[in-house]
Structure formats: structure tokens, C-alpha cells
Amino acid sequence: MYGGGNVFEAMKATALAEEDPQKLAEFEARIDRGEKIEPKDWMPQLYRKQLIRMIEQHAHSEIIGALPEGTWITRAPGFKRKLALMAKVQDEVGHAQLLYSAAETLGKSREQMIDDLITGKSKYSNIFNYPAFTWADSCFISWLVDAGAIVNQVANSKGSYGPYCRALERICAEESFHLKYGHHCVIHLATGTKKQREMMQAAVNRWWAPMMHFFGPSDKISVHSEILMRWKVKMASNDECRQQFLDMYVPKIWELGLTVPDENLKKNQETGQWEFTEPDWEEFKRVINGDGPCNKERLAVRRTAEERGRWVREALLAPKAKYVTPLA
Amino acid sequence: MSMTLKSLDPRVDRLGIPEEWASPMAPKESLDQFETYEAFVQMKENKPFEHVGPVHAPNEEMAFLFAKEQYSRRGMFCHALCVIKTENIQTTGFTDNNISIYDSIESMPSGDESESFEVFHLLKRGKQHKYVGNVNAKDFEDALAVAKQNYPSEKPVFNVWVARSEHILTSDDEDRDIWETLKEKQYREAIDYRAQDKIKAFKERTSEA
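Predicted model, so just to flag it, every value in this text is computed and none were measured.

Asks: Please clarify how the overall build of chain A should be interpreted in this entry.
Replies: Of the regular secondary structure elements, chain A holds 12 helices and two strands. Reading the helices (α) and strands (β) of chain A from amino to carboxyl end gives α-α-α-α-α-α-α-α-α-β-β-α-α-α. On C-alpha atoms alone, chain A measures out to a radius of gyration of 20 Å, which is about the 20 Å that the 2.2 N^0.38 rule sets for 328 residues. Here the C-alpha coordinates of chain A stretch approximately 65 × 60 × 35 Å along the principal axes. In chain A, which comprises 328 residues, the proportion classed as buried is 46%.

Printed below as a string of C-alpha cells:
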């Protein structure tokens with residue numbers, strides 16, 4: 001699960017000046033024809049760099065996203081919910097593996113990516129820097145954070161890089177179970193006892209701001225280079241994804257008798273656009289830069305797993321193994 | 001004694017992670033990275049094996065296991081699966097615009113059939129390689145020449161992968177029940193979560209109140 005709000009590298013105006021103009025034209029013509037770019041094809045350095053960054057952030061988000069939900073496996077209400085949540089968390093970790101492999105075809109090894117996550121060099125989806133206080137938080141994540149991720153992933157699966165698109169198609173197929181499962185959990189609480197409804201409403205109140213941040217800064221303030229859209233690295237703008245999410249899910253939240261903690265939230269019938277209070281982008285920046293409630297814990301848990309799991313990898317390692325970049 | 005990290009998650013508390021690390025994580029050995037394997041799935045009997053993606057694993061058996069987990073999960077039909085270590089696959093260059101990569105292969109088969117190879121074609125850019133068949137030849141180059149002769153394609157072939165037959169680990173036909181979704185695992189399917197009745201009942205209840 002992953003939203004927009006990718007941290008793209010700042011681009012220099014001269015970045016393309018060093019590329020071979022003929023090869024660049026052929027590359028762009030291929031994308032215009034709707035063809036995919038494959039690992040062995042020529043590509044501009046900028047395309048390679050931004051894609052590695054984007055796919056890597058997506059992979060890290062799957063790994064880190066498994067933590068706030070994983071917390072609730074042992075405390076999920078009942079055997080069936082435990083089994084289902086365990087299957088979902090396992091899926092998310094599997095998604096990370098698919099994505100690391102896709103990023104790897106661009107020339108950065110999985111180990112390097114995992115190291116960069118632990119040292120804080122690479123980012124992951126900001127929403128996972130918030131804690132899951134109750135079971136209802138876990139239900140919110142399973143339903144609505146996954147729903148947001150699906151909006152983004154479906155868009156990106158139409159992108160230009162073959163291995164990433166293929167990984168996303170597999171991921172989206174599995175997300176449909178997550179979405180239905182999450183919705184089922186939320187419905188159960190929202191249509192339950194007074195106490196259950198209060199618990200669910202409290203979770204919606206807690207998660208709404210991070211959910212609005214999830215798609216990244218507004219297009220008005222986020223300088224997303226037109227070139228990333230033209231190269232089909234980024235397939236939909238942050239605002240487009242946010243609007244689509246609101247359109248699909250706010251009515252589903254309301255029909256359960258839940259409220260959204262934003263009195264300005266409404267659909268403008270003339271423009272067809274949702275209007276809402278501008279999210280606090282200073283808070284978003286502060287949290288993404290390390291000062292959120294769980295940033296430290298998330299990375300510490302990953303580092304601990306990496307360090308204490310070393311003996312497993314050592315036991316499994318074949319001494320003559322030679323690393324080769326995957327093919328496609 | 002140094003402070004340990006406090007979490008909402010009792011499992012994290014039990015790990016006793018330090019609040020502040022004394023030093024950055026120690027650098028890893030350069031070989032602390034598993035080899036990669038390419039996985040191929042046969043969706044149905046009589047359909048060709050098709051490349052599905054890579055896995056990282058310490059050996060062939062583990063690669064098979066990971067590939068099964070990764071690429072034959074629910075909703076993904078699987079009849080058989082095989083893995084090949086990435087470094088054991090030889091690839092040709094890529095072509096496009098209706099040019100077949102075989103056009104650039106001019107050598108004739110040597111006639112030496114001492115080794116067995118398996119051949120995979122890429123027929124559509126953006127899709128994945130499909131198995132076309134087996135050839136006997138003396139080496140990789142020779143295998144390509146034989147494949148050009150034995151497996152002519154109407155559509156252009158953009159890229160070819162060749163691997164020695166002995167380097168392929170394939171599932172056993174006798175074990176085919178490993179691909180079936182168990183009935184008691186329905187909780188892993190979207191279909192197991194129908195809830196419209198509940199929403200409808202809730203709406204009726206609240207509109208009466």
C-alpha cells in the first residue's frame with residue numbers, strides 16, 4: 001500500500017542536456033506509442049533515478065506498513081480475523097519483495113535499498129509514522145489506507161516501466177481482498193454497539209489528517225515536473241488521486257453513519273470536485289523529515305530485525321553465491 | 001542502564017530495543033545478498049510456461065519455495081512452476097519495430113547435439129517471456145541457431161532466453177495438489193467478505209429510529 005507524495009529528487013534544468021538527443025527521441029517515441037520500457041532498453045539517467053526512487057519508496061512502504069497492522073494480529077477479535085489479518089500482512093511483505101525486484105532491474109541491489117531504509121536515506125509512506133492505538137485503527141488502515149493505495153497503484157500500473165507495471169498488476173489483484181476485508185471489519189464496528197461505533201469514529205478522527213496527506217502535497221504547491229508525467233513515471237497528479245479517493249469512499253463512510261472530521265468537506269455539484277480544509281502541509285513535512293510519533297520506532301524495529309536476523313541469512317548463504325541483477 | 005524504546009506494541013517492548021543506538025548499523029558483508037532466480041509459471045495444462053518474475057534465495061529449493069509463495073498465490077492460477085538461476089540464463093539483445101532478433105543470427109546449426117537447452121521467446125514488448133521448446137546443440141550460440149530453424153515465428157521475436165535443461169528445477173506432476181486453494185483458506189479471498197446485507201439492515205434500522 002502506497003500513496004502519492006513521492007519524494008522525487010530535485011531535478012536540474014541541465015539534467016537532460018547530457019543525454020544523446022537521438023536516443024532520447026527514440027525513448028520518448030516508444031513511450032508515446034504506449035510501449036513499455038524494459039530493463040535492457042536505453043533510458044535517460046533521470047528516468048532511471050526517479051523510477052528507482054519511486055519503486056524503492058513503494059517497497060519500503062509495504063514493509064513499514066506491515067508494522068502498524070502486524071501489531072494487531074495477536075489482538076484481533078477472534079480466530080478468523082487473526083487469520084485474515086495475518087494473510088494480509090503476509091501479502092504486504094510479499095508486495096515489497098515484488099517491488100524490490102522491480103527496482104533492482106534498474107541497477108540498485110535489494111540489500112542497498114534495505115540499508116538505505118534503515119539509515120533513513122530512503123523514505124516510505126508518511127502515514128505509517130502514526131500509531132494504531134486500537135483495533136479500529138487497524139480496520140481503518142485495512143480499508144481506507146489500502147483504498148487510497150489502490151487508487152494510486154491502479155494509475156501507476158499503466159505507467160511506462162515494464163517490470164513495475166507487471167508487479168503492480170499482481171499487487172492490485174491481491175489488494176481486492178484487503179479492501180473487502182477492511183470494509184467488512186469497519187462495517188462490523190460501525191453497525192455494532194454504541195461502544196464499537198465510538199471506537200470506529202475515534203479511529204476515523206485520528207486518521208483523517210494523515211489520510212489527506214497520503215496523496216502528497218497539492219499540485220498547487222508541489223512542483224511535479226511535467227517531464228515525469230510525459231515519461232509516464234507519474235500517471236496521475238496528487239490532487240487527482242485525492243479527488244478520486246474522496247469520490248469513491250466518502251459516501252461509503254457516510255452511509256455507515258460515521259462522520260468525517262472536516263466541516264468543510266463537501267462535493268461541489270457544479271465543478272464535481274470535492275472541497276475540504278487545506279491539509280496542514282507543515283505537519284506533513286515535519287513528520288516525513290523524521291519528527292512523527294513513530295518514525296523512530298519503525299526504523300528501530302527494522303534495524304533490529306536486520307541485525308538479529310543476520311544469523312538466519314548466514315546459515316542460508318551459499319558461500320560461492322554470486323549476485324546477478326534479475327532480468328525482467 | 002540505557003533506556004529502551006517504549007511502544008504501543010507489547011511485542012516491540014519485549015524486543016528491548018535501545019532508545020538511542022550507540023552506533024550506526026555495522027556494514028554488511030558484500031555477499032550478504034542472496035542470488036536471484038527467475039520464476040516461470042504454467043497456468044494450465046498444455047499452456048506454455050511463462051516468466052513471472054524474480055525471487056532472491058540462497059539455493060534452488062528455497063527459490064522454488066519463495067516463487068510458489070510469490071507467484072502462485074490466490075487468484076493466480078498455477079498448474080506447474082519452475083525456477084532457473086538468473087546467471088544461468090543467456091539472453092540475446094532486444095529488438096523492436098517488427099524486427100526479429102533471429103534476423104541477426106546467421107550461423108547454421110553445428111549438428112553437434114550433445115547438450116539440451118530450453119528456449120523462451122518474448123513476442124510482445126511489456127509482456128513476459130514464454131517457453132517455446134527444447135533444442136539439442138553444442139552451446140548457447142548453437143542453441144540459438146537451432147531454435148531459429150526449429151521454432152520459426154510468424155510474429156517477430158524481440159528477445160530470446162536460453163537455459164541448459166539441467167539448470168531448471170520444475171515442480172513434480174505428482175505434487176500438483178500443492179497448487180490448490182484449501183477450502184478452509186477462503187478467508188484469503190475477497191468473496192468471503194460480503195457485507196451488503198449488514199449495511200442494508202443498518203440503514204433500515206437507523207431510518208426507523
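Asks: What should I look at first to understand the overall build of chain B in this one?
Replies: A count of helical and extended segments in chain B gives four helices and eight strands. When the helices and strands of chain B are read in sequence order from the N terminus, they spell out α-β-β-α-β-β-β-β-α-β-β-α. In summary, chain B has a C-alpha radius of gyration of 25 Å against a globular reference of 17 Å for 209 residues, an excess of more than 25%. Taken over the C-alpha atoms alone, chain B extends approximately 80 × 60 × 40 Å along its principal axes. Burial statistics for chain B: of 209 residues in total, 30% are counted as buried. A sequence separation of at least 24 residues applies to 60% of the contacts in chain B between residues at least 6 apart.

Asks: What is the right way to read the packing of helix α2 (residues 45-70) of chain A against helix α3 (residues 79-104) of chain A from this model?
Replies: Packed helix pairs are specified by the crossing angle of their axes together with the interaxial distance, meaning the distance between the axes. Residue and element names in this part refer to chain A. Axis separation between α2 and α3 bottoms out at 8 Å; the angle between their running directions is 165°. In this view, α2 runs roughly antiparallel relative to α3, as classed from their interaxial angle. In this structure, α2 crosses over α3, and the sense of that crossing is left-handed. Side by side, α2 and α3 meet where I52, I55, E56, H58, A59, E62, I63, G65, A66, E69 and G70 of the first sit next to L85, K88, V89, E92, V93, H95, A96, L99, Y100, A102 and A103 of the second. Counted by class, the contact of α2 with α3 contains 13 nonpolar, four polar and five charged residues.

Asks: Mind showing me how you'd approach the pairing of strand β1 (residues 35-42) of chain B here?
Replies: Successive residues of a regular strand alternate their side chains across the two faces of the sheet. Residue and element names in this part refer to chain B. The element β1 is extensively covered by neighbouring structure, given that seven of its eight residues are classed as buried. Across seven bridges, β1 lies against strand β2 (residues 50-57) in antiparallel orientation. When the sheet's bridge partners are listed, T36 is paired in β2 with H56. Here β1 pairs with strand β3 (residues 80-85) via six bridges, running antiparallel. Residue pairing in the sheet places Y37 in a bridge with K85 of β3.

Asks: I'm lost on the interface of chain A and chain B in this one. Help?
Replies: Of the residues lining the interface, 53 residues belong to chain A; the matching set on chain B comes to 44 residues. Those elements giving two or more residues to the side of chain A that touches chain B turn out to be α3, α4 (110-118), α6 (162-190), α11 (295-308) and α12 (310-316) of chain A. For the side of chain A that touches chain B, the element with the most residues is α6(A), which contributes 11 residues. Broken down by class, the residue content of the side of chain A that touches chain B amounts to 22 nonpolar, 13 polar and 18 charged.

Asks: Can you walk me through the packing of helix α5 (residues 135-156) of chain A against helix α9 (residues 238-254) of chain A in this structure?
Replies: All names here are of chain A. Closest axis-to-axis distance for the α5/α9 pair is 10 Å, and the angle between their directions is 130°. With respect to α9, the axis of α5 lies oblique. When the axes of α5 and α9 are compared, the crossing they make is right-handed. Facing α5, whose interface residues are L144, A147, G148, V151, N152 and A155, α9 presents C241, Q244, F245 and Y249. Residues of the contact of α5 with α9, tallied by class, amount to seven nonpolar, three polar and no charged.

Asks: Explanation requested: unusual backbone geometry in the structure shown.
Replies: If a residue is not glycine, its phi is most likely negative; likewise, a peptide bond is most likely trans. Of note in the backbone geometry, K232(A) takes a positive phi value of approximately 55° without being a glycine. Considering the arrangement of structural elements, one finds K232(A) in the loop between α8 (226-230) and α9. With 19 C-beta atoms packed within 10 Å, K232(A) lands in the partly exposed category. One non-glycine residue with positive phi stands out, namely N46(B), at about 75°. Take N46(B): it is sitting in the loop between β1 and β2. Taking the number of C-beta atoms within 10 Å as the measure of exposure, N46(B) has 6 and is therefore exposed.

Asks: In this structure, what is going on with the nonpolar core? I would like to understand it.
Replies: Note that soluble globular proteins tend to have their nonpolar side chains buried in a common cluster. All names here are of chain A. Ranked by size, the top nonpolar core spans 78 residues in total, and within it L51, I55, L99, A103, C139, F140 and V186 carry the most contacts. When residues of this core are traced back to their parent elements, those giving at least two are α2, α3, α4, α5, α6, α7 (194-213), α9 and α11. By residue number, the principal contributor to this core is α5, which donates 12 residues. Here L51 is in contact with L106, Y161, Y164 and V233, once residues within four sequence places are set aside.

Asks: How do you make sense of α6(A) when you look at a structure like this?
Replies: Owing to its 3.6 residues per turn, the α-helix aligns residues three or four sequence positions apart on the same side. Residues and elements named next belong to chain A. The end-to-end C-alpha separation of α6 is 41 Å, in line with the 42 Å expected for 29 residues at 1.5 Å each. At E174, α6 shows its maximal bend, which comes to roughly 30°. Here α6 lies mainly inside the structure; 22 of its 29 residues are buried.

Asks: What should I look at first to understand helix α3 (residues 140-150) of chain B in this one?
Replies: Regarding α3(B), the residues found buried are D142(B), A143(B), L144(B), V146(B), A147(B) and K148(B). Residues of α3(B) that are buried in the fold lie against β5 (115-122), β6 (130-137) and β7 (159-164) of chain B.

Asks: I tried to follow the confidence of the model for chain B on my own but got confused; where do I start?
Replies: In low-pLDDT segments, the atomic positions of the prediction should not be examined closely. Looking at chain B as a whole, its pLDDT mean stands at 90, while 96% of the residues score no less than 70. Reported confidences for the modelled complex are a pTM of 0.90 and an ipTM of 0.86.

Asks: Mind showing me how you'd approach the confidence of the model for chain A here?
Replies: Confidence along chain A averages 91 in pLDDT terms, with 93% of residues attaining 70 or more. Within chain A, the lowest mean pLDDT, 82, falls on α12(A), and the highest, 98, falls on α7(A).

Asks: Hey, could you run me through the pairing of β3(B) in this one?
Replies: All names here are of chain B. With six of six residues buried, β3 is to be regarded as a mostly interior element. Burial of the side chains of β3 extends over both faces: A80, C82 and I84 are buried on one face and L81, V83 and K85 on the other. Two strands pair when backbone bridges link them, and β3 and strand β8 (residues 168-170) are joined in this way by three bridges, in the antiparallel orientation. Residue C82 lies in a different strand from β8, and its bridge partner there is T170.

Criteria and thresholds
Residues numbered from 1 in each chain as written. Chains lettered and ligands numbered in written order. Predicted model: local features only at pLDDT ≥ 70, side-chain atom pairs only at ≥ 80, totals over all residues. Helix = DSSP H or I, 4+ residues; strand = E, 2+ residues; numbered from the N terminus. Rg over C-alpha atoms; globule rule 2.2 N^0.38 Å. Buried ≥ 20, exposed ≤ 12 C-beta atoms within 10 Å, placed from the backbone. Contact = placed C-beta atoms within 7 Å. Axes fitted to C-alpha atoms, helices over the stretch in contact; angles between N-to-C directions. Parallel < 35°, antiparallel > 145°, perpendicular 65-115°, else oblique. Left-handed = near helix turned anticlockwise from the far one by under 90°. Nonpolar A, V, L, I, M, F, W, Y, C, P; charged D, E, K, R; others polar. Pairing = 2+ DSSP bridges. Core = buried A, V, L, I, M, F, W, Y, C linked by C-beta atoms within 7 Å. Expected span 1.5 Å × (residues − 1). Bend = angle between axes of the 7 residues up to and from the residue. pLDDT = per-residue confidence, 0-100.

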